[in-house]
Amino acid sequence: MTTTTPPQQRPRSRSLTGPGLVLLTVVVLLGIRLLSPSIGTAGLPDVVQDFLTLAISVVVESLPFVVLGIVLSIVVEVWVPVGALEKVLPQNAFGRRAVISLIGMLFPVCECGNVPLARGLMMRGFTPAEAVTFLVAAPILNPLVIISTAQAFGWSGWILPVRIVGGFVIANLVGWIVAAHRRPADLLLPAFEARCRAAVGAPRGLHRWRQSAAQFGGETATMMPALFVGAGLAAAIQVAVPRSTLVAIGSNPVLSVAAMMLLAMTVSLCSNVDAFFALSFASTFLPGSITAFLIIGPIIDVKMIALLRTTFRVRFLVLLAVVCVLFAGAVGLVMNVLV
């Protein structure tokens, strides 16, 4: 009689999971916050203290929305029944993207959280053009952004309506350009494109909780390093570029637009609160400059570029930046002349 030796159990992986990474991030940030008074008396240069404060602020401001976006992407990809979203959308490609650009009104998530949500749409089977349309529109058209902009500016200077209409137009313009690409999937990173193909054909139903946990861990591990890198770059740029230099040119119709767009791309504010930050410049900058700031910031800033790089190739980031800068700049110049 022969006895079989049971196979050796593989040691469990001790790598940090998605929830563990989020928890560790929160603990580290809270620790730095609590120790910041001691750090300040430890003789660190002011520029280093400013860098740490700005970087931590960007992460703390963005982290809840990134996690919320990951959770929503899991709901869309794993839990919403197949065909439930698709059947309420128009069949016409242009009309379909137009409706998708308005879906952001249902999600109070800023630009950071919309990156994982757009990833979830593509893994569900939406085209890159449709996901990009949502990605660009949602940070401007979501309800919290509209309410905060209305609270900050009301209807004065046409800033609120132009921001809303401008967000809708630029989202559909970018979506149309991506759809016109000979192979839109070439704009995605190969690894993510492969994930999308695998996810579209994957069975659902029996192990949704397991799929949700795995998806949360994978998306968190992808997004968190990009968030930290983006926050660090945004803080470094803010420390290096004196804000007084930007404010000094605020009364020039052309230079003020360029200055405010540059400011929007460097400070990396959450779109839910950027209107109140822009309000502090309303007395020195023209309305068109403020509007350009409010349009370009939620789409292209240093933090957002780092997050987008987890999904898209560099050629798409260049395309997005050029189109959005030209559009926001044109809107700002026209407003400065007419308003």
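Residues numbered from 1 in each chain as written. Predicted model: local features only at pLDDT ≥ 70, side-chain atom pairs only at ≥ 80, totals over all residues. Heavy atoms only, no water.

(A) Representation of the overall build of the protein chain in the model. Of the regular secondary structure elements, the protein chain holds 15 helices and zero strands. In the protein chain, buried positions account for 47% of the 339 residues. Residue pairs at least 24 apart in sequence account for 84% of intrachain contacts in the protein chain once pairs closer than 6 positions are excluded. Summed over all atoms, the accessible surface of the protein chain reaches about 16,400 Å², with 71% contributed by carbon and sulfur. (Helix = DSSP H or I, 4+ residues; strand = E, 2+ residues; numbered from the N terminus. Buried < 20%, exposed > 50% of the residue type's maximum accessible area, 1.4 Å probe, protein only. Contact = heavy atoms within 4.5 Å. Areas by Shrake-Rupley, 256 points an atom, 1.4 Å probe, with all protein chains shown as cover.)

(B) Broad picture of helix α7 (residues 159–180). Here α7 is 22 residues long and its end C-alpha atoms lie 31 Å apart, about the 32 Å a rise of 1.5 Å per residue gives. When α7 is considered as a whole, its buried residues turn out to be Ile-159, Leu-160, Pro-161, Arg-163, Gly-166, Gly-167, Ile-170, Ala-171, Asn-172, Val-174, Gly-175 and Val-178. Residues of α7 that are buried sit in contact with α3 (93–102), α5 (128–141), α6 (143–153), α12 (274–279), α13 (287–296) and α15 (314–338). (Expected span 1.5 Å × (residues − 1).)

(C) Geometry of the packing of aromatic side chains. Using the criterion set out here, one finds two aromatic pairs in the structure. Aromatic side chains Phe-277 and Phe-293 sit 5.9 Å apart centroid to centroid with 20° between the ring planes, which places their arrangement in the stacked category. Of this pair, Phe-277 sits in helix α12 while Phe-293 is found in helix α13, placing the two residues 16 residues apart along the sequence. Here Phe-277 and Phe-293 have matching classes, each one buried. Between Arg-96 and the ring centre of Phe-126, over which it is positioned, the NZ or CZ distance is 5.6 Å. (Phe/Tyr/Trp six-rings, centres within 6.5 Å; stacked < 30°, edge-to-face > 60°. Lys NZ or Arg CZ within 6 Å of the ring centre and 35° of its normal.)

(D) Examining the nonpolar core more closely. Val-174, Ile-290, Phe-293, Phe-312 and Leu-320 are the most contacted members of the largest nonpolar core, which has 81 residues in total. Looking at this core element by element, the count peaks at 10 residues for α5. (Core = buried A, V, L, I, M, F, W, Y, C linked by side-chain atoms within 4.5 Å.)

(E) Seen up close, the packing of α3 against α5. α5 packs onto α3 with a crossing angle of 35° between their chain directions and a minimal axis gap of 7 Å. Crossing hand, α3 versus α5: right-handed. Contacts between α3 and α5 involve Arg-96, Arg-97, Ile-100, Ser-101 and Leu-102 on the former and, on the latter, Ala-129, Glu-130, Thr-133, Phe-134, Ala-137 and Leu-141. Here the contact of α3 with α5 is composed, by residue class, of six nonpolar, two polar and three charged. (Axes fitted to C-alpha atoms, helices over the stretch in contact; angles between N-to-C directions. Left-handed = near helix turned anticlockwise from the far one by under 90°. Nonpolar A, V, L, I, M, F, W, Y, C, P; charged D, E, K, R; others polar.)

(F) Quick look at the pattern of salt bridges. What the rule picks out here adds up to six salt bridges. For Arg-183, the salt bridge is made with Glu-193, and the minimal N-O distance between the two is 3.0 Å. Separated by 10 residues along the polypeptide, Arg-183 in the loop between α7 and α8 (190–200) and Glu-193 in helix α8 bring together distant segments of the chain. Under the relative-accessibility criterion, Glu-193 is labelled buried at 12%. Between Arg-197 and Glu-193 there is a salt bridge, with its nearest N and O atoms 3.4 Å apart. With a gap of four residues between them, Arg-197 and Glu-193 both fall in helix α8, about one helical turn apart. (Salt bridge = Lys/Arg side-chain N within 4 Å of Asp/Glu carboxyl O.)

(G) Up close: helix α11 (residues 255–267). Its 13 residues give α11 an end-to-end C-alpha distance of 18 Å, which sits within 8% of 18 Å, the value for a rise of 1.5 Å per residue. Turning to α11, its buried residues number three or more, namely Ser-256, Val-257, Ala-259, Met-260, Met-261, Leu-263, Ala-264, Thr-266 and Val-267.

(H) Quick look at a nonpolar patch on the surface. A surface patch of nonpolar side chains, amounting to about 580 Å² of accessible area, comprises Trp-158, Val-334, Val-337, Leu-338 and Val-339. Mapped onto the elements, Trp-158 comes out in the loop between α6 and α7. The exposure class of Trp-158 is exposed, given its relative accessible area of 56%. (Patch = residues over 30% accessible without salt bridge, like charges linked within 9 Å, V, L, I, M, F, W, Y side chains within 5 Å.)

(I) Broad picture of the confidence of the model for the protein chain. Of all residues in the protein chain, 75% attain a pLDDT of 70 or more, and the chain-wide mean is 78. Considering each helix and strand of the protein chain separately, the mean pLDDT is smallest for helix α1 (residues 18–40), with a value of 56, and largest for α7, with 95. Throughout residues 1–15 the model reports pLDDT below 50, and contacts reaching past four residues in sequence, or to other chains, amount to zero contacts. (pLDDT = per-residue confidence, 0-100.)

(J) Fine view of the environment of Asn-142. Tracing the sequence through the fold places Asn-142 in the loop between α5 and α6. For the pair Asn-142 and Phe-107, spaced 35 residues apart in sequence, the C-alpha separation works out to 6.0 Å.

(K) Quick peek at the environment of Gly-154. Secondary-structure assignment places Gly-154 in the loop between α6 and α7. Ignoring anything within four residues of it in the chain, the contact list for Gly-154 reads Thr-149 and Leu-160.

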